[in-house]
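Examining the three-dimensional arrangement
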Amino acid sequence: MIEQRDSRIEALFADAEHAPPDPEFTQSITREIQRRRWRVYAIRALVVVMIGILELALESPLQQSLGTVADLLSTPVIAVEGDWIEFVLGPINTAAGVVGIVLLGLHVFIRRVVH
Amino acid sequence: MSNAPAYYAEGPEALIVSLAARGDRDAFSELVRRRQPWLRTLMRRFSGDPALADDLAQRVFLKVWRRIRKLKQPEKFPGWIKRIAVNEWIDHQRKEGNRWQQAYDDELQAAPIASTAEAIDLDAALALLPDVVRTCVVLSYNERLSHPEIAALTKLPLGTVKSHIRRGSLDLRELLDGYGAQQ
C-alpha cells in the first residue's frame, strides 16, 4: 500500500530533537522494579504469618468440629439389624449418603431442566 | 542490576529480550537502556510534556517487565512494546477525561489558526493538534506505520485514521510555515 507522506513534515520529524539517553531514567525503573519486588515479598510473608496465626487459633475448634461432622455423617439414618446389612447399606443409609443422593438428584434435575 | 555484563551491550535485541523473559533483570536493564530514548521521544511527541512523557514511559517499561514472560517470539518485541506504549497513552487520555477521539471542534480549530504567524518547532506545533489527530500523525511520521497498522493500534476506523493524518498534516504544514521561513 502506497501512503504518501508530506516530505517536509517527514524531514522535520527526522531532524526533531530526540530525548537524550538518561542513565537516571534506567536507574529509576530498576529501583521501582526492586521496590515492587520487595512489596510482593512483604505481602507474601504477611500472608504466611496470618495463615500461621489462623491455623494456631483454629486448630483445636477445627479438629473438634471436623470430628463431630465426621461422626454425624457416618450415623445411620434408619436403624438396620445385622452388621453386614448395615455395612452394605452404609453408602446410602447415612447422613453423608443422604446428602450425596440429594445432591445427585439436584444435579440430574438441573441438567434436565437446563438442557 | 546495574552491574550488567558488558557483552549485553553488544548482544542482539532478540537475545536480550529472551534473557529478560527468563527473569534476567540485567538483560531487562539493558533493554531499558536501549529503548528509553525512543520511548521517551515517542511519549513526548504524543503528550508534548517531557515530565509526563517520562512518567508514561516508566509505566510502559514496568508493564513490559510484568508481561515479558508471555512474549513467545522475542523478534516481535519492537511491535509489542509499541502497542503497549500506544495503549498506555490512550488509557492515560481516557483516565484524564480528555477528549480522545474528538478530532476538531471550534475551540481546537481556532488554536492553529491563531498561531500560524509564530515561529514554532515541531513539538509545539504537534501540541496544537487534537490528541487523536496528533497520535495518528506521530504514528505515521515518527514511527512510519501504515494506515492499517495505526488503525489496528488505536482501534480507530481506517477511514478516520486516513482523515486524521491528512488533516493533521495540512495543519502541521500551515503551523510550521513560519518556522520553516526562519530556518
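Residues numbered from 1 in each chain as written. Chains lettered and ligands numbered in written order. Predicted model: local features only at pLDDT ≥ 70, side-chain atom pairs only at ≥ 80, totals over all residues.

A word on the overall build of chain B
A count of helical and extended segments in chain B gives nine helices and zero strands. When its helices and strands are written in sequence order, chain B yields α-α-α-α-α-α-α-α-α. Within chain B, buried positions represent 36% of all 183 residues. Looking at chain B alone, contacts between residues at least 24 apart form 62% of all its contacts between residues at least 6 apart. (Helix = DSSP H or I, 4+ residues; strand = E, 2+ residues; numbered from the N terminus. Buried ≥ 20, exposed ≤ 12 C-beta atoms within 10 Å, placed from the backbone. Contact = placed C-beta atoms within 7 Å.)

Considering helix H1 (residues 7–15) of chain A
Side chains of residues three or four places apart in an α-helix project in the same direction, reflecting 3.6 residues per turn. All names here are of chain A. Residues Ile9, Leu12 and Phe13 constitute the buried set of H1. Seen along its axis, H1 keeps its buried residues to an arc of 100°; they face one direction. Those residues of H1 that are exposed and angled more than 90 degrees off the buried face are Ser7, Ala11, Ala14 and Asp15. (Arc of directions from axis to C-beta.)

As for the interface of chain A and chain B
Taken residue by residue, the interface counts 22 residues in chain A and 26 residues in chain B. Secondary-structure elements contributing two or more residues to the side of chain A that touches chain B are H1 and helix H2 (23–73) of chain A. Looking at the side of chain A that touches chain B element by element, the count peaks at seven residues for H2(A). Split into classes, the residues belonging to the side of chain A that touches chain B amount to eleven nonpolar, four polar and seven charged. (Nonpolar A, V, L, I, M, F, W, Y, C, P; charged D, E, K, R; others polar.)

Topic: unusual backbone geometry
It is generally the case that most residues other than glycine have a negative phi and that most peptide bonds are trans. Residues and elements named next belong to chain B. Of note in the backbone geometry, arginine 144 takes a positive phi value of approximately 55° without being a glycine. Of note, arginine 144 is situated in the loop between helix H7 (131–141) and helix H8 (147–154). Here the phi dihedral of lysine 155 falls at roughly 60°; this positive angle occurs in a residue that is not glycine. Along the chain, the position of lysine 155 falls in the loop between H8 and helix H9 (158–181). According to the C-beta neighbour criterion, lysine 155 is exposed, with 10 such atoms within 10 Å.

A short note on the confidence of the model for chain B
Residue and element names in this part refer to chain B. Looking at chain B as a whole, its pLDDT mean stands at 84, while 82% of the residues score no less than 70. Averaged pLDDT values over the elements of chain B bottom out at 45 in helix H5 (residues 106–115) and peak at 95 in helix H3 (residues 50–67). Segment residues 106–119: pLDDT under 50, and 19 contacts once partners within four positions in sequence are set aside and those in other chains are kept. Confidence metrics for the complex model read pTM 0.70 and ipTM 0.74. (pLDDT = per-residue confidence, 0-100.)

Here we look at the packing of H3(B) against helix H4 (residues 77–95) of chain B
Residue and element names in this part refer to chain B. At a minimum axis separation of 10 Å, H3 and H4 run at an interaxial angle of 130°. With respect to each other, H3 and H4 are oriented oblique. The two elements H3 and H4 cross, and the hand of that crossing is right-handed. Mapping the contact onto sequence places Leu56, Arg59, Val60, Lys63 and Val64 in H3 and Ile81, Ile84, Ala85, Glu88, Trp89 and His92 in H4. (Axes fitted to C-alpha atoms, helices over the stretch in contact; angles between N-to-C directions. Parallel < 35°, antiparallel > 145°, perpendicular 65-115°, else oblique. Left-handed = near helix turned anticlockwise from the far one by under 90°.)

Section: the packing of helix H2 (residues 25–47) of chain B against H3(B)
Describing two packed helices takes the angle between their axes plus the distance from one axis to the other. All names here are of chain B. One can describe the packing of H2 onto H3 by two numbers: an axis separation of 8 Å at closest approach and a directional angle of 135°. Taken as axis vectors, H2 and H3 run oblique relative to one another. In the packing of H2 onto H3, the handedness of the crossing is right-handed. Where H2 approaches H3, its residues Phe28, Val32, Gln36, Leu39, Arg40, Met43, Arg44 and Ser47 are matched on the opposing element by Pro50, Leu52, Ala53, Asp54, Leu56, Ala57, Val60, Phe61 and Trp65. Here the contact of H2 with H3 is built from residues that sort into twelve nonpolar, two polar and three charged.

A word on the environment of A:Phe87
Checked against the element boundaries, A:Phe87 lands in helix H3 (residues 83–89). Spatially, the C-alpha atom of A:Phe87 lies 34 Å from that of A:Leu58, the residues being 29 residues apart in sequence.

Re the nonpolar core
Grouped together as the largest cluster of nonpolar side chains are 49 residues, with contacts concentrated most on B:Met43, B:Cys136 and B:Val137. Leaving out residues up to four positions away in the same chain, B:Met43 has contacts with B:Ala53, B:Leu56, B:Ala57 and B:Trp89. (Core = buried A, V, L, I, M, F, W, Y, C linked by C-beta atoms within 7 Å.)

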